[in-house]
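Now for the letters of each chain:
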Amino acid sequence: MILLIGVAVYVAIAAIEFCCIYSWQGDNVWNYLKECWDWYKKLFI
């Protein structure tokens, strides 16, 4: 039961984050997320 609550909280936070990014970036969300992912890959590799 605790695991289910943890997963639900994680999904809710991810959805809120996506909505905030969408309100900030508009239709450019996927390019923004791709740029962030590329930056993190360069940072850790």
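Enquirer: Just checking my understanding: could you explain the pattern of salt bridges for this structure?
Expert: Overall, the coordinates contain two salt bridges when judged by the stated rule. Across the pair D38 and K41 runs a salt bridge whose closest N-O atoms are separated by 3.7 Å. With D38 and K41 both in helix 2 (residues 29-44) and three residues apart, the pair spans about one turn of that helix.

Enquirer: Got a minute to help me understand helix 1 (residues 2-25) in this structure?
Expert: Each α-helix turn comprises 3.6 residues. Residues three or four places apart therefore point the same way. Across its 24 residues, helix 1 extends 34 Å between first and last C-alpha, which sits within 8% of the 34 Å expected from 1.5 Å per residue. Where helix 1 ends, the next residue or the one after it, G26, has phi of about 70°, a positive value.

Procedures and definitions
Residues numbered from 1 in each chain as written. Predicted model: local features only at pLDDT ≥ 70, side-chain atom pairs only at ≥ 80, totals over all residues. Heavy atoms only, no water. Salt bridge = Lys/Arg side-chain N within 4 Å of Asp/Glu carboxyl O. Helix = DSSP H or I, 4+ residues; strand = E, 2+ residues; numbered from the N terminus. Expected span 1.5 Å × (residues − 1).

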